[in-house]
Amino acid sequence: MLTQDIGTKQRLLQECKRKLDVQVQAAKEAMENAQQSAVESEGGMEDLREICQAQRDMYARQLDELLAVMVQLQGINATKVNRQVSPGAVVRTELHNYFIGISLCEVKVDGEPYYAVSAMSPLYKAMAGKTEGQTFSFRSREYSILQVY
């Protein structure tokens, strides 16, 4: 495996962490704002306070989920050489590039797009265990794996 590939994987992991940190911070702020609204509605309309508390609880659940995803992401070793598609692998196909770890939108590294895919996703399940040169099918399309690292 080339040093360049390890560098790409490390930058992918850093970018995923950065994006996840932004989501965590947004959930924290939303939860705090909902809590503040609930406090401000004390002595006022009971329905408004209940709505604010329900929103706070919803944001708290989102925050818990994001923090659990962060733990998964921290478990990925960016210096590990992946010979087959498994968590932590970068997978290049003729159509898209994937980073197996957590589900996020498109992540760009050095201007090149990668799709961060969860190990629980149907796409991952279609390619799991495959190696360079093999193919997999997903949504009636055949993909050729050009590289795994």
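Residues numbered from 1 in each chain as written. Predicted model: local features only at pLDDT ≥ 70, side-chain atom pairs only at ≥ 80, totals over all residues. Heavy atoms only, no water.

### Some words on the pairing of strand E3 (residues 106-109)
Phase 1: Judged by which residues are buried, E3 turns out to be one-sided: Val107 and Val109 face inward and are buried, whereas Glu106 and Lys108, on the alternate face, are not.
Phase 2: Where E3 lies against strand E4 (residues 112-118), four bridges are found, and the strand directions are antiparallel. Considered in E4, the bridge of Val109 is made with Glu112.
Phase 3: Between E3 and E4, which pair antiparallel one after the other, the connecting turn spans two residues, and Asp110 there sits at a positive phi close to 55°. (Buried < 20%, exposed > 50% of the residue type's maximum accessible area, 1.4 Å probe, protein only. Helix = DSSP H or I, 4+ residues; strand = E, 2+ residues; numbered from the N terminus. Pairing = 2+ DSSP bridges.)

### Some details on helix H2 (residues 46-74)
Phase 1: For H2, spanning 29 residues, the distance from its first C-alpha to its last is 42 Å, which sits close to the expected 42 Å at 1.5 Å a residue.
Phase 2: Among the residues of H2, Arg49, Cys52, Leu63, Leu66, Met70 and Leu73 are the ones counted as buried.
Phase 3: For H2, the elements touching its buried residues are helix H1 (3-40). (Expected span 1.5 Å × (residues − 1). Contact = heavy atoms within 4.5 Å.)

### Observations regarding the packing of H1 against H2
Between two packed helices, the angle of one axis relative to the other and the distance separating the axes together describe the packing.
Phase 1: Contact pair H1 / H2: the axes reach a minimum separation of 8 Å and the direction vectors enclose 160°. Considering their axes alone, H1 and H2 lie roughly antiparallel with respect to each other. H2 is crossed by H1, and the crossing has left-handed handedness.
Phase 2: Classifying every residue of the contact of H1 with H2 by side-chain character gives 18 nonpolar, six polar and five charged. (Axes fitted to C-alpha atoms, helices over the stretch in contact; angles between N-to-C directions. Parallel < 35°, antiparallel > 145°, perpendicular 65-115°, else oblique. Left-handed = near helix turned anticlockwise from the far one by under 90°. Nonpolar A, V, L, I, M, F, W, Y, C, P; charged D, E, K, R; others polar.)

### Concerning the side chain of Thr8
Phase 1: With respect to the helices, strands and loops of the structure, Thr8 is situated in helix H1.
Phase 2: Of the residues examined, Thr8 reaches a relative accessible area of 5% and is grouped as buried.
Phase 3: If sequence neighbours within four positions are ignored, Thr8 has contacts with Arg92, Val109, Tyr114 and Tyr149.

### As for the environment of Ser121
Phase 1: Mapped onto the elements, Ser121 comes out in the loop between E4 and helix H3 (122-127).
Phase 2: A polar atom in the side chain of Ser121 sits 2.9 Å from the backbone oxygen of Ser118. (Polar contact = N/O pair within 3.5 Å; in protein donor to acceptor, adjacent residues only side chain to side chain.)

### Concerning the pairing of strand E6 (residues 141-148)
Phase 1: In terms of strand pairing, strand E1 (residues 90-93) meets E6 through three bridges, oriented antiparallel. When the sheet's bridge partners are listed, Thr93 is paired in E6 with Ile145.
Phase 2: Of the strand pairs in this sheet, strand E5 (residues 135-138) and E6 are connected by four bridges, and their pairing is antiparallel. Pairing of Ser137 across the sheet is with Glu142, part of E6.

### Re the packing of aromatic side chains
Phase 1: Considering all chains together, one arrives at two aromatic pairs under this definition.
Phase 2: Plain terms: the ring middles of Tyr98 and Tyr115 are 6.3 Å apart, the flat faces sit at 40° to each other, and that makes the pair tilted. Of this pair, Tyr98 sits in strand E2 (residues 97-101) while Tyr115 is found in strand E4, placing the two residues 17 residues apart along the sequence.
Phase 3: Taking the relative accessible area as the measure of exposure, Tyr98 reaches 4% and is therefore buried.
Phase 4: Look at Phe136 and Tyr143: their rings are 5.0 Å apart centre to centre, the planes differ by 10°, and that puts the pair in the stacked class.
Phase 5: Take Phe136: its relative accessible area is 2%, and that puts it in the buried class.
Phase 6: By relative accessible area, Tyr143 is classed as buried at 8%.
Phase 7: Here Arg141 stacks its cationic end above the ring of Tyr143, 5.6 Å away from the centre of that ring. (Phe/Tyr/Trp six-rings, centres within 6.5 Å; stacked < 30°, edge-to-face > 60°. Lys NZ or Arg CZ within 6 Å of the ring centre and 35° of its normal.)

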